[in-house]
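The primary structure of each chain is shown beneath.
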Protein chains: 2
Amino acid sequence: MSRKTFQRLSLDVRRRSLMEATLTCVARHGLHGASVRRITEEAGVTVGLVRHYFGSKDDMIRNAYAYLVGQLTAQASESARATEGTPEAKLASFLRANMTKPNMDEETVSLWATFIGRVRHDPGFAEIHRDGYREFLNVLEILIEPVLIQHGCPYSVTICRNHAIALNGLIDGLWMEGALNSGLYAQDILPDLITGAAERLLDLPAGALSAPDIALQSTQHPTQQSKPS
Amino acid sequence: MSRKTFQRLSLDVRRRSLMEATLTCVARHGLHGASVRRITEEAGVTVGLVRHYFGSKDDMIRNAYAYLVGQLTAQASESARATEGTPEAKLASFLRANMTKPNMDEETVSLWATFIGRVRHDPGFAEIHRDGYREFLNVLEILIEPVLIQHGCPYSVTICRNHAIALNGLIDGLWMEGALNSGLYAQDILPDLITGAAERLLDLPAGALSAPDIALQSTQHPTQQSKPS
DNA sequence: ATTGAAATTATTCAATTGTATAACAGTGTG
DNA sequence: CACACTGTTATACAATTGAATAATTTCAAT
């Protein structure tokens, strides 16, 4: 009877692998079903490593939650950043990204909800949530601001922030209910639905975000912030 | 050493008491920390009763979830029904109710999120969620329809339903993030924020929902559906 | 090749879990 | 007042849990 053979992996790789296994197990079995044994089996290691890389199971789960939140906001921001064109195109891309794969994923939403349920009673979770929420609001504000200015909408820091709060609510709610896919409507109506809703929320003219080819118009479109070069 | 004295309670009372204790424990310790022993201690009974009134712990939790959802939608609908006046007043009241106590409660949101996290993997939870969501959408549609008609907005069943989906998303998202109260803004901005956002979402004139005394104007206001009596 | 540090496994432990079973006691019925 | 029904308690039990410790193995440095 020989021991299991194994590789020594770098700290980063092993930690990430454990956190990902944690997320998989939490999504699949809930927090109550994500035992150390199941998680380590999923990661292909033995239970002792949890203690070695994280102080305890709870610590590992908190780290996994932070890892998830980081990924989520990073993906969302990235989809906006990668879109070249008018501010409207960037904002629209951000919104649509949240209503399509891989962002709108049933398993991710399950995970997110499970962790949200612990925010109230675990200060560690609360901090992670707050940081993620703040980050998301900031990204939204930065996306919204130039759009408002360009359309001559009433503008102030407060207005912009309130729009971000409302828009974030809209995204969160649609993201969640949409991903759970209760079968009451087709998921693929959501990208158009959210761009239309966002237009109205921000008091933009109809079509400002939903025009099919705003991304194409963008590069030579004269409505950009004038750059004197 | 004598036995614990006890009362024989009716089936309904005992079941409800157990479900409420279940909700309390899930909110407080999460699904993983809500053990049969903790729940029954919270309810002031011994563990055997779980088997007696529900087949198993899982069955009891599912019943508790359905009980919670029922209460939530009932409270929300009731707050709209109880408001007399214009359709705008009813809708505004419904929206504001979701942004204030007792509906917007941190513990309730924690509970709700925890259960949502199980919807994907437990068909029983999925069914309960779907029914609750459908009910909420229906209530919203019924509230939205007369408002749209009265303002001469473009109207169809599809438009109304899409507005309900978007508005529900907005409510859900603000309800959750607001209740978690991450400290990034004051919770008491939310009632005004959501009525303003809803006005724009539905393309109503500014102030249609946020006028401070629409409820008072309502009874003798001529803009009501003409009633020939 | 040897060595030494530490990453990883294997095993143990007490505590807690959900469920099952048996004994008891409250309560309405005759 | 005795009875029987069943709601309720008490206890037992195997399984699982998270954490701790000791024993090994890998791998880089020499």
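These numbers come from a predicted model, not from an experiment. (Residues numbered from 1 in each chain as written. Chains lettered and ligands numbered in written order. Predicted model: local features only at pLDDT ≥ 70, side-chain atom pairs only at ≥ 80, totals over all residues. Heavy atoms only, no water.)

Participant: Run through the environment of N181 of chain B, naming residues and quoting values.
Facilitator: Mapped onto the secondary structure, N181 of chain B falls in the loop between α8 (157-180) and α9 (190-201). Spatially, the C-alpha atom of N181 of chain B lies 7.9 Å from that of E106 of chain B, the residues being 75 residues apart in sequence. (Helix = DSSP H or I, 4+ residues; strand = E, 2+ residues; numbered from the N terminus.)

Participant: Residues and numbers for the side chain of E177 of chain A, please.
Facilitator: Tracing the chain through its elements places E177 of chain A in helix α8 (residues 157-180). An unpaired buried charge is present at E177 of chain A: no salt bridge exists, and R130 of chain B, the closest side chain of opposite charge, is 11 Å distant. When residues no more than four places from it in sequence are discounted, the contact partners of E177 of chain A are Y185 of chain A together with W112, H129, Y133, N168 and D172 of chain B. (Buried < 20%, exposed > 50% of the residue type's maximum accessible area, 1.4 Å probe, protein only. Lys, Arg positive; Asp, Glu negative; His and termini not counted. Salt bridge = Lys/Arg side-chain N within 4 Å of Asp/Glu carboxyl O. Contact = heavy atoms within 4.5 Å.)

Participant: Now, about unusual backbone geometry: what can you tell me, with residues and values included?
Facilitator: Omega for the peptide link from K101 of chain A to P102 of chain A comes to 0 degrees, which places this bond in the cis form. Position of P102 of chain A among the secondary structure elements: in the loop between α5 (87-98) and α6 (106-119). Even without glycine at this site, N181 of chain B takes up a positive phi of about 50 degrees. Residue N181 of chain B is classed as partly exposed on the basis of its relative accessible area of 36%. With a phi close to 60 degrees, D203 of chain B is a non-glycine residue in the positive phi region. Looking at the element boundaries, D203 of chain B is found in the loop between α9 and α10 (214-218). Note on D203 of chain B: relative accessible area 54%, which makes it exposed.

Participant: Can you lay out the packing of aromatic side chains for me, pointing to particular residues and giving the numbers?
Facilitator: Inspection of every chain in the model, using the stated rule, returns 12 aromatic pairs over all chains. Measuring from centroid to centroid gives 5.5 Å for F94 of chain A and F136 of chain A, while their planes differ by 55 degrees, and the two rings are tilted. Taken together, the positions of F94 of chain A in helix α5 and F136 of chain A in helix α7 (residues 123-150) put the pair 42 residues apart, joining distant regions of the chain. A residue is classified by how much of its surface remains accessible, and F94 of chain A, at 1% relative accessible area, is buried. An angle of 25 degrees between the planes, with centres 5.2 Å apart, marks the rings of Y65 of chain B and F125 of chain B as stacked. Of the two residues, Y65 of chain B is situated in helix α4 (residues 57-81) and F125 of chain B in helix α7 (residues 123-150); the sequence distance between them amounts to 60 residues. (Phe/Tyr/Trp six-rings, centres within 6.5 Å; stacked < 30°, edge-to-face > 60°.)

These results come straight from atomic positions and should not be treated as a statement about function.
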